[in-house]
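# Coordinate analysis (summary)
Each chain, written out:
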Amino acid sequence: MKRNIRIISNISEYNGIINDLAITGSQHAALYSNPNIPNNLVEKYYRQWAVNNLTGRASNNFIYYKDEKPLALISTILKSDANNNLNIDFVETNPNFRNKGIASATLTEVIRYGFENELPISVVTESKNTPALNLYKKYGFKISDEYHILHKYVSEKGGWMFN
């Protein structure tokens, strides 16, 4: 059986992986519904987040392909703390392929990688992101903490402020 998921650390030419997945990822984020922040800037922020992960910020990028087209991306970052925790940092599935098991298949590979490398896995997501919460709960993730991050968009030149 051909594997649909590739694990890649750094993609120097990420081509079309970014735009579709990053933009659709931004559209279900809390920032996107904030009337004080222009949606095109939220999309730009998510695109840059994905680019950063694909070009070296992430430890690994788990990319689900079908017919050489990337349909899902999960980026992980290895935290060098006491637990050597593997943190799921960015998750997105092409909206035309949601609810077809693609995110589950990709998450399964992340969990397998964590298990094989004896790495505990953690994830942070927005409390309003019900599809993500349901996916993580389905795979045995438990809510261990809840917190609020306050952010304010200052200007395109000044960027984001996180409090």
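Conventions and cut-offs
Residues numbered from 1 in each chain as written. Predicted model: local features only at pLDDT ≥ 70, side-chain atom pairs only at ≥ 80, totals over all residues. Heavy atoms only, no water. Buried < 20%, exposed > 50% of the residue type's maximum accessible area, 1.4 Å probe, protein only. Helix = DSSP H or I, 4+ residues; strand = E, 2+ residues; numbered from the N terminus. Pairing = 2+ DSSP bridges. Phe/Tyr/Trp six-rings, centres within 6.5 Å; stacked < 30°, edge-to-face > 60°. Right-handed = clockwise from strand over helix to strand, strands pointing away.

## A look at the pairing of strand β2 (residues 60-66)
Burial runs high along β2: 6 of the 7 residues are buried. As judged from the 4 bridges shared by strand β1 (residues 5-8) and β2, these two strands associate in the antiparallel manner. Directly across from Ile7, in β2, lies its bridge partner Phe62. Of the pairings in the sheet, the one linking β2 to strand β3 (residues 69-78) comprises 7 bridges and is antiparallel in character. From the neighbouring strand, Ile63 faces β3, where its bridge partner is Leu73. Hairpin connection from β2 to β3: 2 residues lie between these consecutive antiparallel strands, with Asp67 at a positive phi of about 50 degrees.

## Observations regarding the packing of aromatic side chains
One pass over the full model with this rule turns up 3 aromatic pairs. Their ring planes at 80 degrees and their centres at 5.0 Å tell us that Trp49 and Phe90 sit as a pair that is edge-to-face. Here Phe90 lies in strand β4 (residues 86-93) and Trp49 lies in helix α2 (residues 39-57), a separation of 41 residues in the sequence. The interplanar angle of 75 degrees and the centroid separation of 5.7 Å between the aromatic rings of Phe62 and Tyr113 together place this pair among those described as edge-to-face. Taken together, the residues Phe62 in strand β2 and Tyr113 in helix α3 (residues 102-116) connect sequence positions 51 residues apart. Here Phe62 falls in the buried class, since its relative accessible area comes to 0%.

## Quick notes on the pairing of β4
Most of β4 is tucked away: 7 of the 8 residues are buried. Judged from the 7 bridges that link them, β3 and β4 form a sheet pairing that is antiparallel. Bridged to Ala72 within β4 is Thr93. As for the winding sense of the linkage, the β-α-β connection from β4 through α3 to strand β5 (residues 121-123) is right-handed.

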